[in-house]
Amino acid sequence: MSDCIFCKIAQGEIPSKKLYEDSDLVAFHDINPAAPVHFLIVPKEHIASLEEAHARHEMLLGRILLLAPMLAKELGLTDGFKTVINTGKGGGQVVFHLHVHVLGGGKLAHV
Ligand code: AMP
Ligand code: ZN
């Protein structure tokens, strides 16, 4: 997707504060943090939202979730963290490239 901001970040075309990268995933700090620690885990493949994910993405989705505690620990979130996936307009999604928010390090709104 040529006009997708997270595709551009994944491809290194626009800068980000990158935390992690492998052949399938990238993680970077959110530009407008909602908590002292707030980063995003993003598949390099353009999947518009969780609604667009298919069975073939099962492994990828699992890898995203397993990466969250690993990076949270590296960033000092020893007390736990929150994961959020906004899906579609009704779910508050703004960037239509699947991403998992990971937040922590302060008092978070309870969902
Ligand atoms: P969502 O509402 O789940 O689509 O959230 C999109 C998130 O992407 C927001 O928290 C934004 O602050 C974040 N965001 C947008 N552009 C960038 C960017 N260039 N680098 C890092 N985070 C971004
Ligand atoms: Zn994209």
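Up top is the structure these notes are about.
Counting restarts for each chain, with residues numbered from 1 along the sequence as it is written. As a convention, the first chain written is A and the first ligand written is 1, with the rest following in written order. Owing to the predicted nature of the model, reporting of local features is limited to residues with pLDDT of at least 70; listing and counting of side-chain atom pairs is limited to 80 or more, with chain, interface and lining totals taken over all residues. Just so you know, side-chain values use all the structure's heavy atoms and leave hydrogens and water out.

A. View of the environment of Ile-64. Its place among the elements puts Ile-64 in helix α2 (residues 58–74). Setting aside its immediate chain neighbours within four residues, Ile-64 contacts Leu-25, Ile-41, Pro-43 and Val-100. A run of H or I in DSSP counts as a helix once it spans at least four residues, and a run of E counts as a strand once it spans at least two, with each numbered from the N terminus. Residue contacts follow a heavy-atom distance rule, with two residues in contact if any of their heavy atoms lie within 4.5 Å.

B. Structural detail: the site of ligand 1. A single heavy atom is enough: if one lies within 4 Å of a molecule or strand, its residue is considered near that molecule or strand. Looking at ligand 1, there are 16 residues lining it, with Asp-30, Val-94, Val-95, His-99 and His-101 nearest. Between ligand 1 and the protein, one listed contact pairs an oxygen atom with a backbone N or O atom of Gly-92 at 3.0 Å. In the environment of ligand 1, an oxygen atom lies 2.7 Å from a nitrogen or oxygen atom belonging to the side chain of His-101. A 1.4 Å probe and the Shrake-Rupley method give the accessible areas. Residues count as covered only by the protein chains that appear here. Out of a free accessible area of 500 Å², ligand 1 has 84% covered by protein chains. Buriedness of a pocket was judged along seven lines, with at least five required to meet protein on both sides within 12 Å; pockets are open sets of points on a 1 Å grid over the protein atoms alone, cavities are sets where a 1.4 Å probe fits but cannot get out, and lining residues have an atom within 4 Å of a point. The way we define it, a molecule is inside a pocket or cavity when more than half of its atoms are within 2 Å of that pocket's grid points. Structurally, ligand 1 is housed in the largest pocket. Those elements that place two or more of their residues in the shell around ligand 1 are α1 (5–10) and β2 (25–29). Per-element accounting of the shell around ligand 1 gives the leading share, three residues, to α1. Residues were grouped as follows: Ala, Val, Leu, Ile, Met, Phe, Trp, Tyr, Cys and Pro as nonpolar; Asp, Glu, Lys and Arg as charged; and all remaining residues, including Gly, as polar. Per-class residue counts for the shell around ligand 1 are eight nonpolar, seven polar and one charged. Contacts described as polar in this section are N or O atom pairs within 3.5 Å, which, within protein, must combine one atom able to donate a hydrogen with one able to accept it, while residues neighboring in sequence count only if both atoms come from side chains.

C. The arrangement of the environment of His-99 in detail. One can find His-99 in the loop between β4 (82–84) and β5 (100–104). Put simply, His-99 and Ser-49 are 50 residues apart on the chain and 7.8 Å apart in space, counted from C-alpha to C-alpha. Those residues within four positions of His-99 in sequence are excluded, and the remaining contacts are Phe-6, Leu-40, Ile-41, Val-42, Val-84, Ile-85 and Gln-93. Within the structure, His-99 has its side chain in polar contact with the backbone oxygen of His-97 (distance 2.6 Å). Within polar-contact distance, the side chain of His-99 engages the side chain of His-101 at 3.5 Å.

D. Just the coordination of the zinc ion (ligand 2), in detail. Ligation of the zinc ion (ligand 2) by protein atoms is provided by Cys-4 (SG), Cys-7 (SG), His-46 (ND1) and His-97 (ND1), these donors lying 2.0 to 2.3 Å from the ion. For Na, K and Ca the donor cutoff is 3.2 Å, while for all other metals N, O and S atoms must lie within 2.8 Å; water is not among the atoms, so some sites may look incomplete. When four donors show all angles between 85 and 135 degrees the site is tetrahedral, when four or six donors have opposite pairs over 155 degrees and all other angles between 65 and 115 it is square planar or octahedral respectively, and in every other case it is irregular. Angles of 104 to 116° at the metal separate the four donor atoms of the zinc ion (ligand 2), which places the site in the tetrahedral class. Each residue is placed in one exposure class: buried if its accessible area under a 1.4 Å probe, protein chains only, is under 20% of its type's maximum, exposed if it is over 50%, and partly exposed if it falls in between. Assessed through its relative accessible area of 7%, Cys-4 is described here as buried. With relative accessibility at 24%, the residue His-46 sits in the partly exposed group.

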